[in-house]
Structures are given as structure tokens and as C-alpha cells.
Amino acid sequence: MTPFITLRHLRVAALMGAIALPVSAQATVIVRQIDEVREGGSGSLSAAFEESAATTQKQSYDVSFSAVFKDRDQEWRSFGSVAYGEVNDVEDEDEQMLHLRHVQHQAFGDWRWETFAQVESDDFADLGQRDLLGGGVSRLLTRDKRWRVLTFLGAMREREEHLTDSAQNRSETRASLSLQGKYTSAHGWTLDGVSYWQPNANGEAADRRVTGELALSFPLSQRLSFTSGYLYRYNGRPFEGVGRENRKLTSGLNFKF
């Protein structure tokens, strides 16, 4: 089966757009959009160490990037990550992900319209490539400049290719519902939360993706911060031999530019 979006195409688009933010693969469309974005171009670069405990023991080193260009009414975003890991003493390149997104502000009053495309791979989940194309509406709420909440309601078309067994390849349509929140303290530290629920649109209750992430960040300087987080992912219908759940602890540094 030929994917409708190739990894090469999205890599080229990302280089042309030069945009990004910290994200991981395996779960679909987990992107943080809750930070306030200034007009013009901005971005960040992160490096992190993670340790996972599931059906296997895994250690991984992650590098991720984010870039945004914003004018008065629109945003163009890209997010990407690469991880190199060790599972049961076997080293291999683990995850790659690239996500492109466009946001149209005030498309329906206070609601925004978003469209996105994503491509990812995960060797240890036997995922040769996953392609996503979707869109939906979102709304951002703020309070006292300390609380920011974003909700997104949308749908996406998903294609998955097994790393070695093409008989397991599949194509699905999913709803994508997410809630993100961020609290910024008077002392400068921040707490981020992201949750996703992505059921199969055909009504099969067991075929769903659930994601929850918490991240705590402490500023070390105006541009550099230390981050620590916990991530939980559930895939109700993984490839044969791959576990449904994945838990991850991370710590690392984030540089904003």
C-alpha cells in the first residue's frame, strides 16, 4: 500500500517551513499548543532522557523541535522528534515524527479552525509508518494570565504500515478529542497537562487511543528550562505482539529561541 503522505515529503516541507515543539511518536497527534505565541517566528529545541516500563524495559534519548510563524489571524506550526533507544540491551533507532499544522483564528467566532498532517515511525512498536490527515475546531480560554486551557474537536484519516508484515497494514477514520491546560506560577515554574481520546469512527469501542501527559518545567534562565514529565499511552488495537499500554518518565532541557 502506498502512503498518501511520504516521510520525504513532510521532511522537505518542514525544512521549508522551519518550524517545531516537543512531541513523541506512538500516540497519534500529541502536540502541545497551549503556550502563548508572539507574532512572527519562534521555536524551541529540547533534549531529554526517558525510561519506560511496560512489557519491555526501555531507555531512550530524545531530541525534539518546535517552530511557529504567526501573523494576526493565522499560525503555521511544525513539530518533530527523533529518539534513539535501547530495549532489552538491543540498541536501535526508535521513533521519528513530523507534524505540520495550520491554525485559522476566529474562523467561527471564538472558535479556531485547524488542519494537520503527520507522519511517524516506531521500530519498537513494529510501526513502519503511520500517516495522518485531519482537521477540526479548537477554542483557547485564558484566566488571570496564569491559566490557559485549549480544547480541540476533530477527525482524522489514519494509515498504518507494519514494519515487516504488510498483512497487518490498515486504514481507519478516527475522532480526535483533546484537552490541554497550563498553569504558570508567580515564581516562574509551569505545569502542563495534555489528554487525548481518539476512538475509531466505526463504533468499535475497543479500538481507541488514550493519551495523558503531565510536564513540570523550571526556568534556569530567560531561554533555558529544566523539564520533567510523565506520559501514559493506550492503544486498544496495536500490531500483533505489541503491548497496549506504554508508560514513560522523562527529564531534560528545553531551549527557546
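Residues numbered from 1 in each chain as written. Predicted model: local features only at pLDDT ≥ 70, side-chain atom pairs only at ≥ 80, totals over all residues. Heavy atoms only, no water.

A. Quick peek at the overall build of the protein. Along its length, the protein carries 1 helix and 12 strands. Shown N-terminal to C-terminal, the secondary structure of the protein runs as helices and strands in the order α-β-β-β-β-β-β-β-β-β-β-β-β. Here the protein holds 257 residues, and 46% of them are scored as buried. Taking the intrachain contacts of the protein between residues at least 6 apart in sequence as the baseline, contacts between residues at least 24 apart amount to 57%. When the accessible area of the protein is evaluated, it comes to approximately 12900 Å², of which 56% is carbon and sulfur surface. (Helix = DSSP H or I, 4+ residues; strand = E, 2+ residues; numbered from the N terminus. Buried < 20%, exposed > 50% of the residue type's maximum accessible area, 1.4 Å probe, protein only. Contact = heavy atoms within 4.5 Å. Areas by Shrake-Rupley, 256 points an atom, 1.4 Å probe, with all protein chains shown as cover.)

B. View of unusual backbone geometry. With a phi angle near 50°, glutamine 106 is a residue other than glycine that sits in the positive phi range. Its place among the elements puts glutamine 106 in strand E4 (residues 90-108). Despite not being glycine, aspartate 126 has its phi angle at roughly 60°, a positive value. For aspartate 126, the position within the fold is in the loop between strand E5 (111-122) and strand E6 (127-143). The exposure class of aspartate 126 is partly exposed, given its relative accessible area of 25%.

C. Layout of the environment of phenylalanine 152. In this structure, phenylalanine 152 sits in strand E7 (residues 147-162). Judged by relative accessible area, which is 3%, phenylalanine 152 ranks as buried. Contacts of phenylalanine 152, omitting those with residues within four sequence positions, involve Arg101, Glu114, Phe116, Gly135, Gly136, Val137, Ser138, Ser176, Leu177 and Ser178.

D. Geometry of the pattern of salt bridges. With the rule as written, the count across this model stands at 17 salt bridges. Ionic pairing is found between lysine 248 and glutamate 95, a salt bridge with its closest N-O pair at 4.0 Å. With lysine 248 in strand E12 (residues 245-256) and glutamate 95 in strand E4, the pair connects residues that are 153 residues apart, well separated along the chain. Judged on exposure class, the residue lysine 248 and its partner glutamate 95 are both buried. Salt bridges sharing partners connect three or more residues here, namely Glu120, Arg130, Glu158, Glu160, Arg170, Glu172, Arg174, Asp207, Arg209 and Arg237. (Salt bridge = Lys/Arg side-chain N within 4 Å of Asp/Glu carboxyl O.)

E. How the structure looks around the packing of aromatic side chains. Scanning the model with the defined rule gives 4 aromatic pairs in all. An angle of 40° between the planes, with centres 6.2 Å apart, marks the rings of phenylalanine 69 and tryptophan 76 as tilted. Each member of the aromatic cluster is reached from another via a ring pair, and the members are Trp147, Tyr183 and Trp189. (Phe/Tyr/Trp six-rings, centres within 6.5 Å; stacked < 30°, edge-to-face > 60°.)

F. Focus on the environment of arginine 130. Turning to its location among the elements, arginine 130 is positioned in strand E6. Judged by its relative accessible area of 3%, arginine 130 is buried. Here the alpha-carbon distance between arginine 130 and glutamine 118, two residues 12 residues apart in the chain, equals 7.9 Å. For arginine 130, the side chain forms a polar contact with the side chain of glutamate 160, separated by 2.6 Å. (Polar contact = N/O pair within 3.5 Å; in protein donor to acceptor, adjacent residues only side chain to side chain.)

G. Structural context of the environment of arginine 139. Relative to the helices and strands, arginine 139 resides in strand E6. The contact partners of arginine 139, leaving out residues within four places of it in the chain, are Asp110, Trp111, Val149, Leu150 and Thr151. Of note is the side chain of arginine 139, whose polar atom sits 3.2 Å from the side chain of aspartate 110.

H. Here's a closer look at the pairing of strand E9 (residues 190-199). Within E9, 7 of the 10 residues are buried, which leaves it mostly tucked inside the rest of the structure. Taken together, the 8 bridges between strand E8 (residues 170-184) and E9 define a ladder with antiparallel strand orientation. The residue bridging leucine 179 from the neighbouring strand is serine 195, located in E9. Counting the residues in the hairpin turn of E8 and E9 gives 5 residues, including glycine 188, whose phi is positive at 100°. (Pairing = 2+ DSSP bridges.)

I. Inspection of the confidence of the model for the protein at higher detail. Of all residues in the protein, 82% attain a pLDDT of 70 or more, and the chain-wide mean is 82. The low-confidence segment residues 1-27 (pLDDT under 50) makes 97 contacts with residues lying over four places distant or belonging to another chain. (pLDDT = per-residue confidence, 0-100.)

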